[in-house]
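Report on the structure
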Amino acid sequence: MLFRSPINADFALPSLPKIQVAALQTQPALAMARSRQHRAAALLTVARAARLPRAQLQAAYGWDTLGSLSARPGWSAGVSVSMPLFDGGELRDQTSAARLRLNAASQHALQTQLDLRASLSTVWGDARVALDAYRADRDLARRKQQIWQISKEGYRARQLTSLDLLLAQRDWIRGQQAVLADATRLRLALVQLRLLAGQLPVDTNQ
């Protein structure tokens, strides 16, 4: 029975900055936080606009009803400007409330981004440790497999006892179990990284 690696030999863990860039662009929770921030900013703009002066342009074309000497119709235009005289009450409260909502939404978006970066760093570190342990145990398991093969040949040649063969086989099995445990830890960390980056897990042989 040949030793088969559950992870491709050429597998390389993506760099943390690359994962972070992808996560900041596609993570749904962060996108929702930013959307709430943009909506709060728009509401603040509307609230501020309600306190600004409003200009209206009026134009008309026709005969002068005031008795002009002109024999032809002409244009008339006018501009009016209006602004709230007492904006210290409801309008000011609306602006203050909108500003508070924007501050809260901005803080939430920032905290979501910081939490995402921290989670990615933690999970990426777990994946790095699992990958290093997997590679070390994989090489050790291959050596244990070679020892077991040699032990079988020695047993057939009656140079080793059945106990020697049993111990060699037990070490080889334990080596395989360690490799599978490391591979499971690595796959779990990779799934967590994909979820944090806003991607669905995929069933591939990494």
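Residues numbered from 1 in each chain as written. Predicted model: local features only at pLDDT ≥ 70, side-chain atom pairs only at ≥ 80, totals over all residues. Heavy atoms only, no water.

1. Looking at the overall build of the protein chain
- Secondary structure summary: the protein chain contains four helices and two strands in total.
- Counting helices and strands in the order they occur from the N terminus, the protein chain gives α-α-β-β-α-α.
- Per-residue burial over the protein chain gives 25% buried out of 206 residues.
- Once local pairs closer than 6 in sequence are excluded, the contacts in the protein chain between residues at least 24 apart make up 76%.
- In the form shown here, the protein chain has an accessible surface area of approximately 14300 Å², with 58% of it arising from carbon and sulfur atoms. (Helix = DSSP H or I, 4+ residues; strand = E, 2+ residues; numbered from the N terminus. Buried < 20%, exposed > 50% of the residue type's maximum accessible area, 1.4 Å probe, protein only. Contact = heavy atoms within 4.5 Å. Areas by Shrake-Rupley, 256 points an atom, 1.4 Å probe, with all protein chains shown as cover.)

2. Quick look at the pattern of salt bridges
- Taken as a whole and judged by the stated rule, the model has three salt bridges.
- Here D182 and R185 are joined by a salt bridge, their closest N and O atoms 3.7 Å apart. Separated by three residues within a single helix, D182 and R185 lie in helix α4 (residues 162-196), roughly one turn from each other.
- Given the relative accessible area of 6%, D182 is considered buried. (Salt bridge = Lys/Arg side-chain N within 4 Å of Asp/Glu carboxyl O.)

3. Here's the deal with helix α3 (residues 90-156)
- With 67 residues, α3 extends 96 Å between its outermost C-alpha atoms, agreeing within 8% with the 99 Å of an ideal straight helix rising 1.5 Å per residue.
- At the exit of α3 stands R158, carrying a positive phi of roughly 60 degrees. (Expected span 1.5 Å × (residues − 1).)

4. Regarding the packing of aromatic side chains
- Counting across every chain of the model gives one aromatic pair.
- For the ring pair W148 and W172, a centre distance of 4.5 Å and an interplane angle of 10 degrees mean the geometry is stacked. Here W172 lies in helix α4 and W148 lies in helix α3, a separation of 24 residues in the sequence. Here the two residues W148 and W172 agree in accessibility, since each one is buried.
- Here K152 stacks its cationic end above the ring of W148, 4.1 Å away from the centre of that ring. (Phe/Tyr/Trp six-rings, centres within 6.5 Å; stacked < 30°, edge-to-face > 60°. Lys NZ or Arg CZ within 6 Å of the ring centre and 35° of its normal.)

5. Some remarks on the environment of Y134
- Its place among the elements puts Y134 in helix α3.
- Placed 51 residues apart in sequence, Y134 and R185 show a C-alpha to C-alpha distance of 9.1 Å.

6. Here we look at the packing of helix α1 (residues 16-26) against α3
- For the pair α1 and α3, interaxial distance at closest approach is 10 Å and the crossing angle is 145 degrees. Between α1 and α3 lies a crossing whose hand is right-handed. When α1 is examined against α3, the residues L16, I19, Q20, A23 and L24 are found in contact with a partner set consisting of Q113, L116, R117, L120, S121 and W124.
- For the contact of α1 with α3, a count of residues per class yields seven nonpolar, three polar and one charged. (Axes fitted to C-alpha atoms, helices over the stretch in contact; angles between N-to-C directions. Left-handed = near helix turned anticlockwise from the far one by under 90°. Nonpolar A, V, L, I, M, F, W, Y, C, P; charged D, E, K, R; others polar.)

7. So, the nonpolar core
- Of all hydrophobic cores here, the largest spans 24 residues; its most connected members are F11, L13, L120, L186 and L193.
- Every element with two or more residues in this core is listed here: α1, α3 and α4.
- In terms of residue count, the dominant contributor to this core is α3 (nine residues).
- Not counting the four nearest positions on each side in its chain, L13 is found in contact with W124, A127, R128, L131 and L190.
- Of all hydrophobic cores here, the second largest spans six residues; its members include L44, A98, L102 and A105. (Core = buried A, V, L, I, M, F, W, Y, C linked by side-chain atoms within 4.5 Å.)

8. Some thoughts on α1
- Taken together, the buried positions of α1 are L16, I19, Q20, A23 and L24. The arc that holds every buried residue of α1, seen down its axis, measures 130 degrees, which confines them to one face. Projecting away from the buried face of α1 at angles above 90 degrees are the exposed residues P17, K18 and Q25.
- Tucked inside the fold, the buried residues of α1 contact α2 (28-49), α3 and α4. (Arc of directions from axis to C-beta.)

9. Re a nonpolar patch on the surface
- A cluster of nonpolar side chains, L163, L166 and L167, forms an exposed patch at the surface whose accessible area comes to about 270 Å².
- Relative to the helices and strands, L167 resides in helix α4.
- On the accessibility criterion, L167 (33% relative accessible area) is partly exposed. (Patch = residues over 30% accessible without salt bridge, like charges linked within 9 Å, V, L, I, M, F, W, Y side chains within 5 Å.)

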